[in-house]
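# Geometric and topological summary
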Amino acid sequence: MPSNRQILFAISSICFALIAVALYLQHILEMLPCPLCVIQRYMFLAIGIASLVSAISGKVREGTALALLAALGGLVAVGKHLYVIAHPGFSCGIDPMETFLNKIPTAEYLPWVFRADGLCEGATDSLMGLAIPQWSAIWFAVLTVLLAFVLLRKKRV
């Protein structure tokens, strides 16, 4: 049975790989990220960093709790994203959320990662039969379960 630290390192690796896939989709396949996609990137990054710091520092409970909060936030964001896709008349489009996200320092200094350009209802391109937000929902659910497992598990570093 893997230790909590090994699981946290795996979670961190998964999150950073998912961000790499998002960048591939954006820059190679030219799928522009919408505001909700960018929020999901922030959540994956937060989960990855919190898990990595938790695994390295040995403070498993604190870091895992923080990562779990980010995973739950990601589930909320992707839930709204899936709602927007299911209800085409409801759009996040060019709205205050996009303007706000694009003014955050990370978006200004790393626009190739965190700049929102697309429309939320346009995120229906599929990858292996599922839309990108559906894949994101699956990964947030998997990460939430893994983080809850680590948090509820008896102390095993």
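Definitions and limits used
Residues numbered from 1 in each chain as written. Predicted model: local features only at pLDDT ≥ 70, side-chain atom pairs only at ≥ 80, totals over all residues. Heavy atoms only, no water. Helix = DSSP H or I, 4+ residues; strand = E, 2+ residues; numbered from the N terminus. Buried < 20%, exposed > 50% of the residue type's maximum accessible area, 1.4 Å probe, protein only. Contact = heavy atoms within 4.5 Å. Areas by Shrake-Rupley, 256 points an atom, 1.4 Å probe, with all protein chains shown as cover. Expected span 1.5 Å × (residues − 1). Phe/Tyr/Trp six-rings, centres within 6.5 Å; stacked < 30°, edge-to-face > 60°. pLDDT = per-residue confidence, 0-100. Core = buried A, V, L, I, M, F, W, Y, C linked by side-chain atoms within 4.5 Å. Axes fitted to C-alpha atoms, helices over the stretch in contact; angles between N-to-C directions. Parallel < 35°, antiparallel > 145°, perpendicular 65-115°, else oblique. Left-handed = near helix turned anticlockwise from the far one by under 90°. Nonpolar A, V, L, I, M, F, W, Y, C, P; charged D, E, K, R; others polar.

### Focus on the overall build of the chain
When its secondary structure is counted, the chain shows seven helices and two strands. Helices and strands in the chain line up, N terminus first, as α-α-α-α-α-α-β-β-α. Counting only residues that meet the buried cut, the chain has 41% of its 157 residues in that class. In the chain, 81% of the contacts between residues at least 6 apart in sequence involve partners at least 24 apart. Just so you have it, the chain exposes about 8500 Å², and 71% of that area is on carbon and sulfur atoms.

### A word on helix α3 (residues 60–86)
Over its 27 residues, α3 extends 38 Å from the first C-alpha to the last, a length consistent with the 39 Å expected when each residue adds 1.5 Å. Among all positions in α3, only Val60, Gly63, Thr64, Ala67, Leu68, Ala70, Ala71, Gly74, Ala77, Val78, His81 and Val84 are buried. Where α3 is buried, its residues meet α1 (4–27), α2 (35–57) and α7 (132–152).

### As for the packing of aromatic side chains
Taken as a whole, this structure holds one aromatic pair when the rule is applied. Geometrically, the ring pair formed by Phe44 and Phe140 is stacked, given 4.0 Å between the ring centres and 5 degrees between the ring planes. One end of the pair, Phe44, is in helix α2; the other, Phe140, is in helix α7, with 96 residues separating them in the sequence.

### Observations concerning the confidence of the model for the chain
Across the chain, pLDDT averages 83, with 76% of residues at or above 70. Mean pLDDT values for the elements of the chain range from 65 in helix α6 (residues 111–114) up to 93 in α7.

### Let's talk about the nonpolar core
Of all hydrophobic cores here, the largest spans 23 residues; its most connected members are Leu8, Ile11, Cys15, Phe44, Ile47, Leu143 and Leu147. Of all the secondary-structure elements, those providing two or more residues to this core are α1, α2, α3 and α7. Of all the elements, α1 adds the most residues to this core, at seven residues.

### Describing the packing of α1 against α2
The N-to-C vectors of α1 and α2 enclose an angle of 150 degrees; their axes lie 8 Å apart at closest approach. Between α1 and α2, the interaxial angle falls into the category roughly antiparallel. Judged by the twist between their axes, the crossing of α1 over α2 is left-handed. For the pair formed by α1 and α2, the contact residues are Arg5, Leu8, Phe9, Ile11, Ser12, Cys15, Phe16, Leu18, Ile19, Ala22, Leu23 and Gln26 on the first element and Arg41, Phe44, Leu45, Ile47, Gly48, Ile49, Ser51, Leu52, Ser54, Ala55 and Ile56 on the second. Within the contact of α1 with α2, the residues separate by chemical class into 16 nonpolar, five polar and two charged.

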